[in-house]
Amino acid sequence: MSGKVVLTYFNGRGRMESIRWLLAVAGVEFEEVNITKRQEYVKLLSDGALMFEQVPLVEMDGMKLVQTKAILNYIAGKYNLYGKDLKERVMIDMYAEGVQDLMQMMMALPFMPPDTKETKLEEIERKATSRYLPVFEKVLIGSQYLVGFQLSCADVQLLETTLMLEEKFPTILSKFPAVKAFQGKMKSLPAIHKFLQPGSKRKPQPDDVYVKTVCEVLDFKL
């Protein structure tokens, strides 16, 4: 295995996008292998590359890493994005898992039947504004970061999620000025500013091609 970081996933956001974000913020260059056919996925299975028969797969430091949370925690720990001690890490985990709860609701949208999407969008907006964003608003009043005095993986994931929310609900942060200010400061960080530019490895919103590919590769029926 080479020293390069290689990400194996579909050519879209999904569960890999937070990993792309974190690597970009850490300044780590990476290559991508896009799965486009079922036989490519089956070969990964037969080769034993996927411990639990799931992607994403990240190859780095001589290891084949699976399970999104484990991958994110490894990258965060390696690149000083995981707090200064155990107490900070557990707070980072709590905020990050809350963000992931919200993000995963949004990830499911493209795979839902059209007649249920509107109801799901309403649910996401309601939960975002009543359950999740108020938590982050409270902690970010008077604080630059979610935990302690340095950037963490939870901050990166919160930024990613707020940008995803604004794609669907452009004014959703209007009642959360601290979160909006946090978003602005995060976007000005050089590594993040670069990742947000056209031509970066950030993926666009899922389209029909992405959904069709995922369903065909995983033999998933909508």
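Predicted, not measured: the structure shown is a model, and the values here were computed from it.

## Structural notes on helix 7 (residues 177-188)
Argument step 1. For helix 7, built from 12 residues, the straight-helix expectation of 16 Å at 1.5 Å per residue is met to within 8% by its first-to-last C-alpha distance of 17 Å.
Argument step 2. Taken together, the buried positions of helix 7 are Ala178, Val179, Phe182, Gln183 and Met186. The buried residues of helix 7 occupy an angular sector of 140° when the element is viewed end-on, so they sit on one face. Opposite the buried face of helix 7, by more than 90 degrees, sit the exposed residues Pro177 and Ser188.
Argument step 3. Each element contacted by the buried residues of helix 7 is listed here: helix 5 (114-140), helix 6 (153-168) and helix 8 (190-195).

## Topic: the packing of helix 1 (residues 17-26) against helix 6
Argument step 1. Two numbers describe how helix 1 lies on helix 6: the axes approach to 10 Å, and their chain directions differ by 125°. With respect to their mutual orientation, helix 1 and helix 6 come out oblique. Pair helix 1 / helix 6 crosses with right-handed handedness. Every residue of helix 6 that contacts helix 1 at Glu17, Ser18, Trp21, Leu22 and Val25 is listed here: Cys153, Val156, Leu159, Glu160 and Leu163.
Argument step 2. A breakdown of the residues in the contact of helix 1 with helix 6 according to their chemical character gives 7 nonpolar, 1 polar and 2 charged.

## Let's talk about the UniProt feature "domain: GST N-terminal" (unreviewed entry) in the protein
Argument step 1. Here, UniProt's "domain: GST N-terminal" (unreviewed entry) annotation points to residues 3-83.
Argument step 2. Overall, residues 3-83 shows 37% helix and 22% strand. The separation of its end C-alpha atoms is 26 Å.

## Digging into the pairing of strand 3 (residues 57-60)
Along any regular strand the residues' side chains alternate between the sheet's two faces.
Argument step 1. Burial of the side chains of strand 3 extends over both faces: Leu57 and Glu59 are buried on one face and Val58 and Met60 on the other.
Argument step 2. With 3 bridges joining them, strand 1 (residues 5-9) and strand 3 adopt antiparallel strand pairing. Directly across from Thr8, in strand 3, lies its bridge partner Leu57.
Argument step 3. In terms of strand pairing, strand 3 meets strand 4 (residues 63-66) through 4 bridges, oriented antiparallel. Bridged to Met60 within strand 4 is Met63.
Argument step 4. In sequence, strand 3 turns back onto strand 4 through a hairpin of 2 residues, with Asp61 there showing a positive phi of about 50°.

## What to know about the sheet that holds strand 3
Argument step 1. With respect to topology, 4 strands assemble into an open sheet ordered 2-1-3-4, the strand pairing being mixed. Because the sheet does not close on itself, it has two edges, and the strands there are strand 2 (30-34) and strand 4. Adjacent strand axes in the sheet meet at a mean angle of 20°, parallel and antiparallel pairs treated alike.

## Thoughts on the environment of Ala26
Argument step 1. As for its position among the elements, Ala26 is in helix 1.
Argument step 2. Once the C-alpha coordinates of Ala26 and Ala191 are considered, the two residues, 165 residues apart in sequence, prove to be 7.8 Å apart.

## Some points on the pairing of strand 2
Argument step 1. With 5 bridges joining them, strand 1 and strand 2 adopt parallel strand pairing. Paired with Val5 across the strands is Phe30, a residue of strand 2.

## A word on helix 5
Argument step 1. Along its 27 residues, helix 5 runs 36 Å from first to last C-alpha, staying within 8% of the 39 Å computed at 1.5 Å per residue.
Argument step 2. Of all the bends in helix 5, the greatest, near 45°, is centred on Leu133, and the proline Pro134 appears no more than four residues after it.
Argument step 3. Along helix 5, the residues that are buried comprise Lys120, Ile124, Lys127, Ala128, Tyr132, Leu133, Phe136, Glu137 and Leu140.
Argument step 4. Just past helix 5, the residue Gly142 takes up positive phi, approximately 80°.

## A closer look at the layout of surface pockets
Argument step 1. Approximately 1000 Å³ is the volume found for the largest pocket.
Argument step 2. In terms of lining, the largest pocket is formed by 43 residues, of which the most central are Tyr9, Gly14, Arg15, Gln104 and Met107.
Argument step 3. Those elements that place two or more of their residues in the lining of the largest pocket are helix 3 (68-78), helix 4 (86-108), helix 5, helix 6 and helix 9 (208-218).
Argument step 4. Per-element tally for the lining of the largest pocket: the top contributor is helix 4, with 9 residues.
Argument step 5. Classifying every residue of the lining of the largest pocket gives 22 nonpolar, 9 polar and 12 charged.
Argument step 6. When its volume is computed, the second largest pocket comes out at roughly 260 Å³.
Argument step 7. As for the second largest pocket, its lining consists of 14 residues, and the residues nearest its centre are Ala24, Val28, Glu29, Lys194 and Phe195.
Argument step 8. Looking at the lining of the second largest pocket, the elements that each hand over two or more residues are helix 1 and helix 8.
Argument step 9. When grouped by side-chain class, the residues that make up the lining of the second largest pocket number 7 nonpolar, 4 polar and 3 charged.

About the thresholds
Residues numbered from 1 in each chain as written. Predicted model: local features only at pLDDT ≥ 70, side-chain atom pairs only at ≥ 80, totals over all residues. Heavy atoms only, no water. Helix = DSSP H or I, 4+ residues; strand = E, 2+ residues; numbered from the N terminus. Expected span 1.5 Å × (residues − 1). Buried < 20%, exposed > 50% of the residue type's maximum accessible area, 1.4 Å probe, protein only. Arc of directions from axis to C-beta. Contact = heavy atoms within 4.5 Å. Axes fitted to C-alpha atoms, helices over the stretch in contact; angles between N-to-C directions. Parallel < 35°, antiparallel > 145°, perpendicular 65-115°, else oblique. Left-handed = near helix turned anticlockwise from the far one by under 90°. Nonpolar A, V, L, I, M, F, W, Y, C, P; charged D, E, K, R; others polar. UniProt positions renumbered as here; feature names shortened; annotations may be inferred. Pairing = 2+ DSSP bridges. Bend = angle between axes of the 7 residues up to and from the residue. 1 Å grid on protein atoms, 1.4 Å probe; cavity = no way out; pocket = protein on both sides within 12 Å on 5 of 7 lines; lining within 4 Å. Points joined across faces, edges and corners; volume = space filled by probe spheres on them.

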